[in-house]
Amino acid sequence: MSTKHEKILQYIESLPVGDKISVRQIAKEMQVSEGTAYRAIKEAENRRLVSSIERVGTIRIEKKKKENIERLTFAEIVNIVDGQVLGGKAGLHKTLTKFVIGAMQLDDMMRYTDAGSLLIVGNRVKAHQNALTAGAAVLITGGFDTTEENKQLADELELPIISSSYDTFTVATMINRAIYDQLIKKDILLIEDIYIPIEETATLKNTDTIADFQNLNIRTSHGAFPVVTKANKLVGMITVKDVIGKEENEPIDKVMTKNPISGTMKTSVASAGHRMIWEGIDLLPIVDDDGILKGVISRQDVLKALQHAQRQPQHGETIDDLVKSEMKVMGEEDVVVEFKVTPQMTNHYGAISYGAFTTLLAEVGAFALKRRKRGDAVAENMTIYFIKPIQMESVLTVVPHILDMSRKFVKMDFDIFNESILVGKAMMTFQLLER
């Protein structure tokens, strides 16, 4: 049974792309309060089902799959560039395939502009008209307007004309940045990408007995099952260990683990894997906001997915990628890393930022452990007990020392030098992710 919130989201998803919606309309249609309708619309925005634009309203947009996540809708462009829609509002839900910067002669400009493009151009009225006729939308920079005829044409063709007060370079940079951010998101595996839906896995009801568990165990050869109520709400987990030495007619809610650890669709696979290994569990139930079971993931699924992700080409560069790209391993046996501080890694004083510094130490430590054949590791905590301001363009030498190593934890000490002068000392504890 779905909650009001879920029902509203399902209703929004069922609406045709391009439809306009409002809080009042949803509240009336679904017979809920305006507060409930507002919360559901905000959630729909987070899920990229709708886009809200000032002075235009909320529009149902095309939900993007991960493989074409780098495509933006014109509605999203309006929000990125703080734009004003001059015409063609009915086409705001459409996605653009590319953007063209109109910094050339009109005929040359039109050679690059085709259907689905976005022409970014200043106050060149003829170019606006030609782009619309070619099936492209127009983004006018510098806060300029266009003719009434062009606005009418945009309405007829359902192709937006957007005006932004930013200049052409700034607008192009803002759109590029938005595409880049989406590519980074695309690289991050979420539970929703790999989970096994409830229809494809086995569950037990809280009214079942240990005999039911044993029958299901024989039938599926699974060693653990989520336990749910009639309404599919997760209430427990039961494993083979829980039933050893118990009577067959005993109810499973007496022996199951109550309030089990669970994940959600938007949990990252890396975070779920870390938690499963940390807690020593092989099966993680996946629930929605109301605790309704949606599916499960196993430890094998997580490890397989992470191994696959590591082989994928990266598109968007994060700070971690930037730091890794500047690391040069020098030592053969004992790891020594040389590292150059680039301008992107500095704070407003021009010295290395704490974020880049801590990422560097975590990466060097994890690499040193891999060299020792200890597999993957996650930084648990870090203490920086000495640091001097390290200027950009400095070349650092990072020397890690393993102080103590057990089956699950490693303590490591770091010396950081700049031209043989000690500029930093830190200590870290790593948790080893044993397979």
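Rules and cut-offs
Note that residues are indexed from 1 along each chain, following the sequence as it is written. For a predicted model such as this one, the threshold for reporting local features is a pLDDT of at least 70, and the threshold for listing and counting side-chain atom pairs is 80 or more; totals across whole chains, interfaces and linings nevertheless cover every residue. Hydrogens are left out, water is left out, and the side-chain values use all remaining heavy atoms of the structure. Here a helix means four or more residues in a row that DSSP labels H or I, a strand means two or more in a row labelled E, and each is numbered from the N terminus. Each radius of gyration is computed over the set of C-alpha atoms, and the globule rule expresses the reference value as 2.2 Å times the number of residues to the power 0.38. We call a residue buried when its accessible area falls under 20% of the maximum for its residue type, exposed when it is over 50%, and partly exposed in between, using a 1.4 Å probe and counting protein chains only. Contact criterion: two residues are considered in contact whenever any of their non-hydrogen atoms come within 4.5 Å of each other. Residue exposure ignores everything except the shown protein chains as possible cover, and the areas themselves are Shrake-Rupley values with a 1.4 Å probe. Residues counted as positive are Lys and Arg, residues counted as negative are Asp and Glu, and His and the chain ends are not counted. For charged residues, the charge sits on one atom: NZ in Lys, CZ in Arg, CG in Asp, CD in Glu. Boundaries between domains were set according to an automatic or database domain assignment. When two parts are put together, the accessible area they lose, computed with a 1.4 Å probe and summed over both, is reported as buried area. For this analysis, a polar contact is any N or O atom pair within 3.5 Å, provided that within protein one partner can donate a hydrogen and the other can accept it, and provided that sequence-adjacent residues contribute only side-chain to side-chain pairs. We call Asp, Glu, Lys and Arg charged. Ala, Val, Leu, Ile, Met, Phe, Trp, Tyr, Cys and Pro are nonpolar, and the rest, Gly among them, are polar. In this description, one arc is meant: the one made by directions from the helix axis to the C-beta atoms. At least two bridges found by DSSP between two strands are what make those strands a pair. UniProt positions are given in the numbering used here, feature names are shortened, and annotations may be inferred rather than shown by experiment. Here an axis means a line fitted to C-alpha atoms, over the contact stretch when the element is a helix, while the angle between two N-to-C directions is reported on a 0 to 180 degree scale. The term salt bridge refers to a side-chain nitrogen of Lys or Arg lying within 4 Å of a carboxyl oxygen of Asp or Glu. Oblique is the label for any angle not under 35 degrees, not over 145, and not in the 65 to 115 range, which are roughly parallel, roughly antiparallel and roughly perpendicular in turn. Left-handed describes a crossing whose near helix is turned anticlockwise from the far helix through less than a right angle; right-handed describes the clockwise counterpart.

**Student:** Let's hear about the overall build of the protein chain: which residues, and what values?
**Tutor:** Within the protein chain, the secondary structure is distributed over 15 helices and 21 strands. Taken against the 2.2 N^0.38 rule, which gives 22 Å for 435 residues, the C-alpha radius of gyration of the protein chain at 28 Å runs more than 25% over that of a compact globule. Residue burial in the protein chain is summarised as follows: out of 435 residues, 43% are buried. Considering only residue pairs separated by 6 or more positions, the protein chain has 54% of its internal contacts joining residues 24 or more positions apart. Carbon and sulfur atoms make up 50% of the accessible area of the protein chain, which amounts to about 23200 Å² in all. Averaging the locations of the 54 positively and 59 negatively charged side chains of the protein chain gives two centres separated by 2 Å.

**Student:** Could you give an account of the domain arrangement of the protein chain, naming the residues involved and the relevant values?
**Tutor:** As assigned here, the protein chain comprises domain 1 (4-60), domain 2 (74-187), domain 3 (192-308) and domain 4 (319-432). Relative placement of domain 1 and domain 2: their C-alpha centres are 26 Å apart. Facing the 10 residues of domain 1 at the interface are 12 residues of domain 2. Between domain 1 and domain 2 the total buried area reaches about 840 Å² when both faces are included, carbon and sulfur atoms providing 55% of it. Three residues stand out in domain 1 for area buried against domain 2, namely Arg-48, Ile-53 and Arg-55, and they jointly supply 48% of the buried area on that side. Our count for the domain 1 to domain 2 interface comes out at 2 residue pairs in polar contact (both at pLDDT 80 or more). Looking at the side of domain 1 that touches domain 2, the elements with two or more residues in it are β2 (50-53) and β3 (57-60). Among the elements that line the side of domain 1 that touches domain 2, the one with the most residues is β2, at 3 residues. Partitioned by chemical class, the residues of the side of domain 1 that touches domain 2 number 4 nonpolar, 3 polar and 3 charged.

**Student:** Describe helix α7 (residues 148-157), and please don't skip the residues or the numbers.
**Tutor:** Along an α-helix, residues three or four positions apart point the same way, because every turn accommodates 3.6 residues. Inspection of α7 places Asn-150, Lys-151 and Ala-154 among the buried residues, and these make up the whole buried set. Buried residues in α7, looked at end-on, bunch into an arc of 100 degrees, giving them a common side. The outward face of α7, more than 90 degrees from its buried face, is lined by the exposed residues Glu-148, Glu-149, Gln-152 and Glu-156. Buried residues in α7 make contact with β4 (84-87), α6 (125-133) and β8 (161-163). The positive-phi residue at the C-terminal boundary of α7 is Glu-158, with phi of around 55 degrees.

**Student:** Describe the sheet that holds strand β9 (residues 196-197), and please don't skip the residues or the numbers.
**Tutor:** Taken together, the 3 strands give an open sheet; going across it, the order is β9-β15-β14, and neighbouring strands pair in antiparallel fashion. Edge positions in the sheet fall to β9 and β14 (283-287), since each has one partner strand and no second. The sheet contact formed by β9 and strand β15 (residues 293-298) spans 2 bridges and is antiparallel. When the sheet's bridge partners are listed, Pro-197 is paired in β15 with Gly-295.

**Student:** Can you lay out the pairing of β14 for me, pointing to particular residues and giving the numbers?
**Tutor:** Among the 5 residues in β14, 5 count as buried, and that is most of the element. Residues Leu-283, Pro-285 and Val-287 of β14 are buried on one face, and the alternating residues Leu-284 and Ile-286, pointing to the opposite face, are buried as well. Relative to β15, β14 is paired through 5 bridges, and the arrangement is antiparallel. Each bridged residue has a counterpart across the sheet, and for Pro-285 the counterpart in β15 is Val-296.

**Student:** I'd love a proper account of the UniProt feature "domain: CBS" (unreviewed entry) in the protein chain, names of residues and values included.
**Tutor:** Under the local residue numbering, the UniProt record ascribes the feature "domain: CBS" (unreviewed entry) to residues 195-254 and 256-318. Helix makes up 25% of residues 195-254 and strand 25%, with an end-to-end C-alpha separation of 28 Å.

**Student:** Residues and numbers for the sheet that holds strand β12 (residues 234-239), please.
**Tutor:** If you trace the 4 strands from one edge of the open sheet to the other, you get β10-β11-β12-β13, paired in mixed fashion. Taken across any chain shown, the strands that pair with only one partner, and hence form the sheet edges, are β10 (204-205) and β13 (257-258). Sheet analysis places β10 next to strand β11 (residues 224-228), joined by 2 bridges and oriented parallel. Residue pairing across strands places Lys-205 opposite Val-228, the latter belonging to β11. With respect to the sheet, helix α10 (residues 210-220) is in contact with β10, β11 and β12, its orientation differing from that of β11 by roughly 135 degrees.

**Student:** Lay out the pattern of salt bridges in plain terms, naming residues and giving numbers.
**Tutor:** The tally for this structure, following the rule as stated, stands at 10 salt bridges. Residue Lys-425 pairs with Asp-413 through a salt bridge whose shortest N-O separation is 3.6 Å. Highlighted residues: Lys-425 in strand β21 (residues 421-432) and Asp-413 in strand β20 (residues 409-418), separated in sequence by 12 residues. You can call Asp-413 buried: its relative accessible area is 10%.

**Student:** Summarise the side chain of Asp-288; cite the residues concerned and give the values.
**Tutor:** Counting through the fold element by element, Asp-288 comes out in the loop between β14 and β15. Buried and unpaired, Asp-288 has Lys-294 as its nearest opposite-charge partner, separated by 4.1 Å. A distance of 3.0 Å separates a polar side-chain atom of Asp-288 from the backbone nitrogen of Ile-292.

**Student:** Now, about the packing of α6 against α7: what can you tell me, with residues and values included?
**Tutor:** Where α6 contacts α7, the two axes come as close as 10 Å, and the packing angle between them is 15 degrees. For the element pair α6 / α7, the angle class is roughly parallel. With respect to the hand of their crossing, α6 and α7 are arranged in left-handed fashion. Two secondary-structure elements touch here, α6 through Val-125, His-128, Gln-129, Leu-132 and Thr-133 and α7 through Asn-150, Leu-153, Ala-154 and Leu-157. Looking at side-chain class alone, the contact of α6 with α7 contains 5 nonpolar, 4 polar and no charged residues.

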